[in-house]
Amino acid sequence: MEQAIQWVTTSDQQRLAVRTFGHPTHPVLLLVHGYPDHQEVWKEVVRELQQDYFIVTYDVRGAGASSVPKHVSDFRLERLSQDLEEVVNTIIPGRAFHLAAHDWGSIQSWESVTDPHFAGRILSFSSISGPCLDHAAYWMRNQFKQNKSRFFKQLSKSWYIVAFQLPGLAPAVWNFLNAERWGRVLDQLEGKKNLPLNQNIIKDGKYGIGLYRANFIPRLLKPRERYAICPVQAIVLKQDNFVSPELVDEMPKWVTTFRKVELNANHWAILSQPKEIARHIHEFAQPAPEALRS
């Protein structure tokens, strides 16, 4: 069952739009969307999992129905981790939960997954096309020294990150898009027709740029040692145009219990292959004891 939108007011006075699905007595699964999306991007995945979980989704700050911060610094990773904590403390107070996230949702969730404060609260983490920025920085440094072809391959995929640092140009570009045009881009990337449309794409694209501006340069220049406090699964999308599958090679160095699965899909597999994404999330959240490998 889907509940009406609930509102969580953060400690810095942002309003986050939250939805829940399924029966409250079931295990909790929190889903965090990426950029330039909002929580509706999980709709088909939710449909597959709501019989087994009490699912919580929310629009991150600057996306969907949630409020838009005034300052770029309001998008920093530490603040986004606080948002996640404030959402779960309001919606599922005192309960532990499984976590799955895509793209920027995964990048920001790593901040919580590597914070000892969440030990025992986050039961598992399924990461889809969103590495920890600290881990990615170490990987890029190592590749530059040892395998420059891999380094430049990822650099070529990340051209848009440089463009997003331009103050006026990047937000203005989103004004020329609409749901249908963006939908055609996704259809071409994923090789499928008539994927769900994002009717909020202009706002989601324009304001979410703050995520890149607040975090990429500081983290890539001064990476931190961040170790996971729960089992982690990397769902690797082999055709991803934006995140090199090779980035997953860095994860086992920082994760005690790690699982890697691969899908022959592009970046938005949560739209093009929701059943497969849901299956992998479920298998990792409810594993047989021998299924996890340290």
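The residue count restarts for each chain, going from 1 along the sequence in the order it is written. Owing to the predicted nature of the model, reporting of local features is limited to residues with pLDDT of at least 70; listing and counting of side-chain atom pairs is limited to 80 or more, with chain, interface and lining totals taken over all residues. By convention in this description, side-chain values take in all heavy atoms of the structure and omit both hydrogens and water.

Enquirer: How should I be thinking about the overall build of the chain in this particular structure?
Expert: Strands here mean DSSP runs of E at least two residues long; helices mean DSSP runs of H or I at least four residues long; both are numbered from the N terminus. A tally of helices and strands in the chain yields 12 helices and eight strands. Three labels apply to residues, based on accessible area from a 1.4 Å probe with only protein chains included: buried if under 20% of the type maximum, exposed if over 50%, partly exposed otherwise in between. Residue burial in the chain is summarised as follows: out of 294 residues, 55% are buried. A sequence separation of at least 24 residues applies to 78% of the contacts in the chain between residues at least 6 apart. Where accessible areas are quoted, they stem from the Shrake-Rupley method and a 1.4 Å probe; at the residue level, only the protein chains shown are allowed to cover. Here the chain has roughly 13000 Å² of accessible surface; of this, 54% comes from carbon and sulfur atoms. Contacts between residues were defined by any pair of non-hydrogen atoms, one from each residue, lying within 4.5 Å.

Enquirer: Which parts of the structure should I look at to understand the environment of Glu262?
Expert: Summarising the element assignment, Glu262 is placed in strand S8 (residues 258-263). For Glu262, a relative accessible area of 44% translates into the label partly exposed. Between the C-alpha atom of Glu262 and that of Val236, which follows or precedes it by 26 residues, the distance is 4.7 Å. Excluding residues that lie within four positions of it along the chain, Glu262 makes contacts with Val236 and Lys238.

Enquirer: When you look at the sheet that holds strand S1 (residues 6-9) in this model, what are you seeing that I'm missing?
Expert: Hydrogen bonding along the main chain pairs the strands of a sheet, whether they run parallel or antiparallel. Across the sheet, eight strands lie side by side as S1-S2-S4-S3-S5-S6-S7-S8; this open sheet has mixed pairing. Each edge of the open sheet carries a strand with a single partner, namely S1 and S8. Neighbour to neighbour, the strand axes of the sheet diverge by 20 degrees on average, direction disregarded. At least two bridges found by DSSP between two strands are what make those strands a pair. Direction of pairing for strand S5 (residues 97-102) relative to strand S6 (residues 122-128): parallel, over a ladder of six bridges. In the sheet register, Ala100 faces S6, and the bridge partner there is Ser126. For helices, the axis comes from a line fit to the C-alpha atoms of the stretch in contact; other axes are also lines fit to C-alpha atoms, and the angle between any two N-to-C directions lies between 0 and 180 degrees.

Enquirer: I'm lost on unusual backbone geometry in this one. Help?
Expert: Most peptide bonds take the trans form, and the phi angle of most residues other than glycine is negative. Between Tyr35 and the following residue, Pro36, the backbone shows a cis peptide bond with an omega angle of -5 degrees. Here Asp103, not a glycine, exhibits a phi torsion of approximately 55 degrees, which is positive. Turning to its location among the elements, Asp103 is positioned in the loop between S5 and helix H3 (104-113). The exposure class of Asp103 is buried, given its relative accessible area of 7%. The phi torsion at Asn194 lies on the positive side, around 60 degrees, for a residue other than glycine. Residue position: Asn194 is located in the loop between helix H8 (179-190) and helix H9 (201-207). Taking the relative accessible area as the measure of exposure, Asn194 reaches 72% and is therefore exposed.

Enquirer: How should I be thinking about helix H12 (residues 274-285) in this particular structure?
Expert: Structural remark: α-helix, 3.6 residues per turn; residues separated by three or four positions point the same way. By this rule, a helix spans an expected 1.5 Å times one less than how many residues it contains. Over its 12 residues, H12 extends 16 Å from the first C-alpha to the last, a length consistent with the 16 Å expected when each residue adds 1.5 Å. Inspection of H12 places Pro274, Ile277, Ala278, His280, Ile281, Phe284 and Ala285 among the buried residues, and these make up the whole buried set. End-on view of H12: buried residues confined to an arc of 165 degrees, all on one side of the axis. Working definition: the arc comes from the directions between the helix axis and the C-beta atoms, pointing outward to the latter.

Enquirer: Explain the pairing of S6 here, please?
Expert: Looking along a regular strand, one sees side chains alternate from face to face of the sheet. With respect to burial, S6 is a largely interior element, six of its seven residues being buried. Whether a crossover is right-handed depends on one test, that the path from the first strand over the helix to the second runs clockwise when the strands point away from the viewer. Handedness of the crossover is the feature at issue here: the chain leaves S5, passes through H3, returns alongside S6, and the resulting connection is right-handed. Bridging between S6 and strand S7 (residues 232-237) involves four bridges; their strand directions are parallel. Its bridge partner lying in S7, Ser126 is registered against Gln233.

Enquirer: What exactly am I supposed to notice about the packing of aromatic side chains here?
Expert: In this description, a pair of aromatic rings is defined by centroid distance and the angle of the planes. Think of it this way: a Phe, Tyr or Trp ring, Trp meaning its six-membered ring, pairs with another when their centres are within 6.5 Å, and the plane angle makes it stacked under 30 degrees, edge-to-face over 60, tilted otherwise. In total, this model carries 11 aromatic pairs according to the counting rule given. Plain terms: the ring middles of Phe242 and Trp268 are 6.0 Å apart, the flat faces sit at 80 degrees to each other, and that makes the pair edge-to-face. One end of the pair, Phe242, is in the loop between S7 and S8; the other, Trp268, is in the loop between S8 and helix H11 (269-272), and 26 residues separate them in sequence. Residue class for Trp268 comes out buried when judged on its relative accessible area of 3%. Every member of this aromatic cluster is reached through a ring pair, and the members are Tyr35, Trp104, Trp174, Trp182, Tyr212, Phe216, Phe242 and Trp268. Look at NZ for Lys and CZ for Arg. If either is within 6 Å of the ring centre and within 35 degrees of the ring normal, a charge sits over the ring. Lying over the aromatic face of Trp7, Arg15 brings its terminal NZ or CZ to 4.2 Å of the ring centre.

Enquirer: I tried to follow the nonpolar core on my own but got confused; where do I start?
Expert: Generally speaking, nonpolar side chains in soluble globular proteins are found buried as a group. Residues grouped as a nonpolar core are buried Ala, Val, Leu, Ile, Met, Phe, Trp, Tyr and Cys residues, joined through side-chain atoms within 4.5 Å. Formed by 48 residues in total, the largest nonpolar core has its most connected members in Trp104 and Ile277. Tallying contributions element by element places helix H10 (residues 209-221) first for this core, with five residues. By size, the runner-up hydrophobic cluster in this structure holds 34 residues, among which are Phe54, Val56, Leu84 and Ala101.

Enquirer: Explanation requested: the environment of Trp254 in the structure shown.
Expert: As for its placement among the helices and strands, Trp254 is situated in the loop between S7 and S8. Sequence separation of Trp254 and Glu225 is 29 residues, and the distance between their C-alpha atoms is 8.2 Å.

Enquirer: How should I be thinking about the packing of helix H2 (residues 77-91) against H3 in this particular structure?
Expert: Packed helix pairs are characterised by how far apart their axes lie and by the angle those axes make with each other. Taken N-terminus to C-terminus, the directions of H2 and H3 make an angle of 85 degrees; their axes are 8 Å apart at the nearest point. Accordingly, the angle class assigned to the pair H2 and H3 is roughly perpendicular. Across from Leu77, Glu78, Leu80, Ser81 and Leu84 in H2, the residues of H3 making contact are Trp104, Ile107, Gln108, Ser109, Glu111 and Ser112. As a working rule, the residues Ala, Val, Leu, Ile, Met, Phe, Trp, Tyr, Cys and Pro are called nonpolar, Asp, Glu, Lys and Arg charged, and the rest polar, with Gly in that last group. Partitioned by chemical class, the residues of the contact of H2 with H3 number five nonpolar, four polar and two charged. Between 65 and 115 degrees an angle is taken as roughly perpendicular, under 35 as roughly parallel, over 145 as roughly antiparallel, and anywhere else as oblique.

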